[in-house]
Amino acid sequence: MNLVAVFVENKPGQTARITKILAEAGVNICWVTIAHSGSFGVMKFLVDNLDLAVQQLKGKGLMVSLLEVVAVEVTDKPGALQAVAECLGRHDVNLGNCSGFVANNRAILILEVQELAQARQVLEAEGLRLLTPAEMLRL
Amino acid sequence: MFWDQESETLARSLLEPLQLARLQETVRRVAARVPFYQRKFAESDLQADAIRSLADVRRLPFTTSDDLRAHYPNGLLAVSAEEPVRLHTSSGTTGKPKALLFSRNDLHCAAELVARSLVMTGVTHRDVFQNMMSYGLFTGGLMMHYGAEKVGCLVIPSGPGTSERQLMLMQDFRTTATHILPSYALYFAGFLEQRGIDSRRDLAWRKAFIGAEPYTEETRRKIEEALGLEVFNSYGLTEMNGPGVAFECRERCGMHLWEDNFLLEIIDPQTGEPLPEGERGELVLTTLRREAMPILRYRTRDITRILPGPCPCGRTHRRLDRIMGRSDDMLIVRGVNIFPQQIERVLMAHPQVGRNYVIQLEGLDDLTLEVELAATGFDGEVEHVASLQHQLTEKLKAELWVRPKVNLVPAGSLPVCDGKARRVIDRRSM
């Protein structure tokens, strides 16, 4: 599953500028994170129309990169995140940026890892369900 | 290989007295014959016999490019106007150029220095030397031509002709060495590639002497790789004969400046005071053998340094480092002299950095760099950009001795600077 990552300068109005581009193109944002590091930041979006989002953002001169992530559904109960973390740790998969949320009683983790294929394999072997982009958009 | 082994390897203990004798002679001649220097000497109450050691050179007045322009066309002649046999001019994009007049012996000396320079790189009388530089008022064509002829090369004065004709001459006469603009060399590499010609396999071309426009070491490497050549850096300026003032030997580590013909100083461009050997500053040159138009302490505006230590090639003439910029571009930040080229060199060594950057001086004395990422320099990870920012900051600190603030900005977000456009914005409140 791909996210679109946008490089931005960390100054007022930048988030509005980027989300306006997506809004005007009719692109729906399903999930977003914004990370900053001093003078700049990176916004990451999961959107309903990835190609259109990339085309529109690039067309406005923005620096855009695609970022492949794993979305995994866990049960919404204590210890669920721990189970995922332990499974990955056991197989030597290092977690990068992660976020999680609960929507409609479903708990979703979005994981950035270097070893994507291995992460998918070990999570599925653990009996966890990986979500496709289409499933993410229907949450 | 040497052209003039005795002069080229003359012990410093003999070279320096020779320089002093030639400097004294030069000073006596301009004091007797050139009104401009007579006036300058009178202003600083200097007698023609005041130069007793090489260190006394600092008592002499500087000559600037404005002085040369002000005395156009022949105001600085130390001989009668009938004496010179050649005129060259230095490109003036606006107004009058600088006119340089040469006597027969001046041309002989200039050709000798070019001959030394070429032989120093391995050129012999068996070489076929295609001179692709412009002939005419520009020194690059004719001065190199006479030097190569002196060595005994077959000289092809092709000048800046069409690529088809250059190639035909190269193929038919088996050209081995060229004098060529670096930008044209890169263009020519593409031209050959389009025609399916592999320079290594199909041509006898093995050496190139590049110059007459600024270029980076990376450009030199690109030319070498694309064409299978050994490329030599050189330094010259019309005011000092043009090509052949300083040249790389086969070690290719600095350019030997022919000190029996030119007295070299490195000065602080702000104060005019000499700098210790090895420090970067403005190159100042005095002609030691010129008859027609001797020049004292010419402010070249070029920033370089003397490379310390002897060269394995055995030549005793000291070596200049690459020209790293023009003194007019120098910035002073927190008391430290900084050249934009230093910053550029650090930035351009990183493939994730784009071509465009702006140097900002703000507040009391803060150096801020706005640096564009390369179009491919963003992989979606904020950490990678942060790490690049950190690396750039540390490398710049090590190079400049001042810690800059580095702001990485998106590709294409800075105003486009082409060529000489100013990249420096000074808003300091000092």
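Structural data are supplied above this passage.
All figures in this text were calculated on a predicted structure; none of them were measured in a lab.

Caption draft 1: Region of the structure containing the overall build of chain B. Regarding its fold elements, chain B presents 12 helices and 22 strands. The C-alpha atoms of chain B give a radius of gyration of 23 Å, which matches the 22 Å a tight globule of 430 residues would have. Judged by the C-alpha coordinates and their principal axes, chain B covers about 70 × 60 × 45 Å. Within chain B, the proportion of its 430 residues that are buried is 55%. Here the contacts in chain B between residues at least 6 apart in sequence split such that 66% fall between residues at least 24 apart. Accessible surface computed for chain B: about 18900 Å², of which carbon and sulfur atoms make up 51%. The centroid of the 54 positive side-chain charges in chain B is displaced by 2 Å from the centroid of its 57 negative side-chain charges.

Caption draft 2: Quick look at the interface of chain A and chain B. In this assembly, 20 residues from chain A lie in contact with 21 residues from chain B. In total, chain A and chain B occlude about 1400 Å² of area from one another, counting both sides; carbon and sulfur atoms represent 64% of this. Between Glu381 of chain B and Lys44 of chain A there is a salt bridge, with its nearest N and O atoms 3.7 Å apart. Between chain A and chain B we count 5 residue pairs in polar contact (both at pLDDT 80 or more) in total. Going through the elements one at a time, β1 (2-9), β2 (29-37), β3 (40-47) and β4 (63-68) of chain A are the ones with two or more residues in the side of chain A that touches chain B. Counting residues per element, the side of chain A that touches chain B draws most heavily on β4 of chain A, at 5 residues. Of the residues that constitute the side of chain A that touches chain B, the class distribution is 10 nonpolar, 7 polar and 3 charged.

Caption draft 3: View of the sheet that holds strand β3 (residues 128-131) of chain B. Residues and elements named next belong to chain B. With respect to topology, 5 strands assemble into an open sheet ordered β4-β3-β5-β6-β7, the strand pairing being parallel. The sheet is open, and its two edges are formed by β4 (154-156) and β7 (230-232), each paired on a single side. Each neighbouring strand pair of the sheet contributes to a mean axis angle of 20 degrees, computed without reference to strand direction. Strand direction decides the pairing type here: β3 and strand β5 (residues 177-180), joined by 3 bridges, are parallel. Directly across from Asn131, in β5, lies its bridge partner His179. Contacting β3, β4 and β5, helix α7 (residues 163-173) crosses the sheet at an angle of about 175 degrees to β3.

Caption draft 4: Region of interest: the sheet that holds strand β14 (residues 306-307) of chain B. Residue and element names in this part refer to chain B. If you walk across this open sheet you meet the 5 strands as β8-β9-β10-β15-β14, and the pairing is antiparallel. With partners counted over all chains shown, the strands left at the sheet margins are β8 (234-237) and β14, one partner each. Bridge count for β14 against strand β15 (residues 319-320) is 2 bridges, and the pairing is antiparallel. In the strand pairing of β15, Ile306 is matched with Leu320. Against the sheet, helix α5 (residues 104-120) touches β9 (242-248) and β10 (255-257), its axis set at about 35 degrees to β9.

Caption draft 5: Spotlight on helix α8 (residues 182-194) of chain B. All names here are of chain B. With 13 residues, α8 should reach 18 Å at 1.5 Å per residue; the first-to-last C-alpha distance of 19 Å fits that figure. For α8, every residue scored as buried is listed here: Pro182, Tyr184, Ala185, Phe188, Ala189, Phe191 and Leu192. The buried side chains of α8 occupy one side of the element, clustering within an arc of 165 degrees when seen end-on. Facing away from the buried side of α8, by more than 90 degrees, are the exposed residues Tyr187, Glu193 and Gln194. Taken together, the buried residues of α8 touch α7, β5, α9 (199-202), β6 (207-210) and α10 (217-227). Trailing α8 by a residue or two, Gly196 shows a phi angle of about 70 degrees, which is positive.

Caption draft 6: Looking closely at the environment of Ser117 of chain B. All names here are of chain B. Among the secondary structure elements, Ser117 is positioned in helix α5. Along the backbone, Ser117 and Leu257 are 140 residues apart, and their C-alpha atoms lie at a distance of 9.6 Å. If we ignore the near neighbours within four places in the chain, the residues touching Ser117 are Gly244, Phe247 and Trp258. Side chain to side chain, Ser117 and Trp258 meet in a polar contact 3.1 Å long.

Caption draft 7: Up close: the nonpolar core. Residues and elements named next belong to chain B. Among the nonpolar cores identified, the biggest contains 66 residues, and Leu60, Leu118, Phe129, Phe209, Tyr235 and Leu285 are the most heavily contacted of them. The element contributing the most residues to this core is α5, with 8 residues. Those residues within four positions of Phe209 in sequence are excluded, and the remaining contacts are Leu118, Thr121, Val123, Phe129, Met144, Ala177, Thr178, His179, Ile180, Phe232 and Phe247.

Caption draft 8: Geometry of the environment of Cys313 of chain B. Residues and elements named next belong to chain B. Within the secondary structure, Cys313 sits in the loop between β14 and β15. As for Cys313 and Met120, which are separated by 193 residues in sequence, their C-alpha atoms are 9.0 Å apart. Sequence-distant contacts of Cys313, defined by excluding residues within four places in its chain, comprise Phe2, Cys249, Glu251 and His256.

Caption draft 9: How the structure looks around the packing of aromatic side chains. One pass over the full model with this rule turns up 11 aromatic pairs over all chains. An angle of 55 degrees between the planes, with centres 5.6 Å apart, marks the rings of Phe7 of chain A and Phe378 of chain B as tilted. Remark: Phe378 of chain B occurs in the loop between β20 (366-373) and α12 (382-400) and Phe7 of chain A occurs in strand β1; the pair is interchain, linking two chains. Assigned by exposure class, Phe7 of chain A and Phe378 of chain B land together as buried. Among the aromatic residues, ring-to-ring pairing joins Tyr184, Tyr187, Phe188, Phe191 and Trp205 of chain B into one connected group. Between the NZ or CZ atom of Arg116 of chain B and the centre of the ring of Trp258 of chain B, over which it lies, the distance is 4.9 Å. The ring of Phe232 of chain B has Arg252 of chain B sitting right over it, with the charged end atom 5.7 Å from the ring centre.

Cut-offs and rules
- Residues numbered from 1 in each chain as written.
- Chains lettered and ligands numbered in written order.
- Predicted model: local features only at pLDDT ≥ 70, side-chain atom pairs only at ≥ 80, totals over all residues.
- Heavy atoms only, no water.
- Helix = DSSP H or I, 4+ residues; strand = E, 2+ residues; numbered from the N terminus.
- Rg over C-alpha atoms; globule rule 2.2 N^0.38 Å.
- Buried < 20%, exposed > 50% of the residue type's maximum accessible area, 1.4 Å probe, protein only.
- Contact = heavy atoms within 4.5 Å.
- Areas by Shrake-Rupley, 256 points an atom, 1.4 Å probe, with all protein chains shown as cover.
- Lys, Arg positive; Asp, Glu negative; His and termini not counted.
- Charge placed at Lys NZ, Arg CZ, Asp CG, Glu CD.
- Buried area = accessible area lost by both parts, 1.4 Å probe.
- Salt bridge = Lys/Arg side-chain N within 4 Å of Asp/Glu carboxyl O.
- Polar contact = N/O pair within 3.5 Å; in protein donor to acceptor, adjacent residues only side chain to side chain.
- Nonpolar A, V, L, I, M, F, W, Y, C, P; charged D, E, K, R; others polar.
- Pairing = 2+ DSSP bridges.
- Axes fitted to C-alpha atoms, helices over the stretch in contact; angles between N-to-C directions.
- Expected span 1.5 Å × (residues − 1).
- Arc of directions from axis to C-beta.
- Core = buried A, V, L, I, M, F, W, Y, C linked by side-chain atoms within 4.5 Å.
- Phe/Tyr/Trp six-rings, centres within 6.5 Å; stacked < 30°, edge-to-face > 60°.
- Lys NZ or Arg CZ within 6 Å of the ring centre and 35° of its normal.

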